[in-house]
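Letter by letter, the chains look like this.
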Amino acid sequence: MSDHDFHPLVMQLLDGDLTIADLPAELRAQGEEALRLLAAVDRRPVEVPGVVQRVMRALESRPAPRRPRWKRALEPREIRLRIRPWLLAPALAIAAALIVWIWPARLTAPPPLVTVRFVLVAPDAKAVSLAGTFNQWDARATPLVRAGANGVWTVSLTLPAGQHQYAFVVDGQRWVPDPGAPAVDDGFGRRNSVLTL
Amino acid sequence: MRLGAELTDGDIVRAVLAGERERYAQLVERYRDRYARYAARMLGSADAAEDAVQDAFVRAFDQLAQCKEPDNFLGWFFLILRNRCFAERRRSRATAPLEAADSVAAADRTDGGAETAERRRALQLALLELTPDQREVFVLKHVEGLSYGQIAERLSTSVASLKMRMHRAYDRLRQELREHA
């Protein structure tokens, strides 16, 4: 440590971590010298009001700052559309023609609904349900109700006219085709019953 | 976008980049004096500080598209001005020294006693004898009132290295002030 070096405690005083009262008596004089140094710090504002005008004047001759083209392409942007009615009519006509051409089925009347009663005789079953194209083959969606004590299970559904495939699910595991309806191979080794309404 | 005075730095930067270059004046207005003081203490001259701030704002405009975080325009601009001040000191060292502490002396003739003025002038001259790194940490802490943590964040360095720099600055200032007392 040279003659000019502040004591580490005085350094802490300069840093604002200690006050002069925290210093031992032998360092008080050095502490006061340090505080005189800080008292001479000039914290007054420096005003440069003319800078705004000079900067803006300098910018007049400079090209506008722009992001690279590829960055601009990735930025979100606001798009404003000006709609001209006389251009809108042909556009709407084209749109309507496309709708008729692409989705003709949606524009036709919906098929009529038909109520159907499904029946299965299964005296030993604890639960029976119906799975088919009309309920996305969900084995829990359509449970049948036991009617009396003779093992007859039944449910009524209202379905759109058309062809449906289905099967009964006995006790949640065993898939059984309807013995009273025609059946087709489902492609996976099972038979699906077919109902045409 | 917010209206009028509520515009953030980020709003203004984005507006300028979108073509509204006149909005840049708001940024200059907002920060010119604050950074002029930093530059004046770094360069020891109010005139040199004014030139440096002006130059830094023009340079920042040219490079605005490279400002990755428009909401942190302040920190980004500070680094441009800092480089400008460091370059100015190197240039003036190589040619002729700046008229040190001219602004201090001129201002003190009107608003302070002769003794205060002399102490301020002596400290400003002593500051110019520090290395730019030492002077900068002293100015940011004792003139701008930033904490070591804030300075470390702004300069992307550690508090420990800043304290080491600062303690060397204290010793050097003491030496300079004693020699010229």
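Just above sits the structure.
Keep in mind it's a predicted model, so treat the numbers as computed, not measured.

J.: So what's going on with the overall build of chain A? Which residues, and what values?
T.: Counting secondary structure elements, chain A contains six helices and nine strands. Burial analysis of chain A (197 residues in total) assigns 30% to the buried set. Residue pairs at least 24 apart in sequence account for 56% of intrachain contacts in chain A once pairs closer than 6 positions are excluded. Accessible area of chain A: about 13,500 Å², with a carbon and sulfur share of 59%.

J.: Could you give an account of the sheet that holds strand β5 (residues 152–160) of chain A, naming the residues involved and the relevant values?
T.: Residue and element names in this part refer to chain A. Pairing is antiparallel across the open sheet formed by three strands, whose spatial order is β1-β5-β4. If you trace the sheet from one side to the other, it starts and ends with β1 (113–121) and β4 (145–147), each paired once. The average angle at which neighbouring strand axes cross in this sheet is 35°, direction not considered. The pairing of β4 with β5 spans three bridges and is classified as antiparallel. Of the residues in β5, the one forming a bridge with A147 is V152.

J.: Report on the nonpolar core, specifying residues and quantitative values.
T.: If you look at the biggest cluster of nonpolar residues, it comprises 76 residues, and the most contacted ones within it are Y24(B), Y38(B), F57(B), F73(B), L81(B) and F138(B). The leading source of residues in this core is helix α2 (residues 24–43) of chain B, at twelve residues. Beyond its immediate chain neighbours, meaning those up to four positions away, Y38(B) contacts F78(B), L81(B), R82(B), C85(B), F86(B), E136(B), V139(B), L140(B) and E144(B). L120(A), V128(A), V170(A) and L195(A) belong to the second largest nonpolar core, which has 18 residues in total.

J.: Explain unusual backbone geometry residue by residue, including any values.
T.: Backbone geometry at W137(A) places phi at a positive 55°, although glycine is not the residue there. For W137(A), the position within the fold is in the loop between β2 (128–132) and β3 (142–143). With a phi close to 55°, S156(B) is a non-glycine residue in the positive phi region. Counting through the fold element by element, S156(B) comes out in the loop between α8 (148–155) and α9 (159–179). You can call S156(B) exposed: its relative accessible area is 69%.

J.: Before we move on, could you go through the environment of C67(B) and cite the residues and values that matter?
T.: All names here are of chain B. Relative to the elements of secondary structure, C67 occurs in the loop between α3 (46–62) and α4 (73–94). Look at C67 and you get buried, because its relative accessible area is 1%. Sequence spacing of C67 and F77 is ten residues, and the spatial spacing of their C-alpha atoms is 8.9 Å.

Criteria and cut-off values
Residues numbered from 1 in each chain as written. Chains lettered and ligands numbered in written order. Predicted model: local features only at pLDDT ≥ 70, side-chain atom pairs only at ≥ 80, totals over all residues. Heavy atoms only, no water. Helix = DSSP H or I, 4+ residues; strand = E, 2+ residues; numbered from the N terminus. Buried < 20%, exposed > 50% of the residue type's maximum accessible area, 1.4 Å probe, protein only. Contact = heavy atoms within 4.5 Å. Areas by Shrake-Rupley, 256 points an atom, 1.4 Å probe, with all protein chains shown as cover. Pairing = 2+ DSSP bridges. Axes fitted to C-alpha atoms, helices over the stretch in contact; angles between N-to-C directions. Core = buried A, V, L, I, M, F, W, Y, C linked by side-chain atoms within 4.5 Å.

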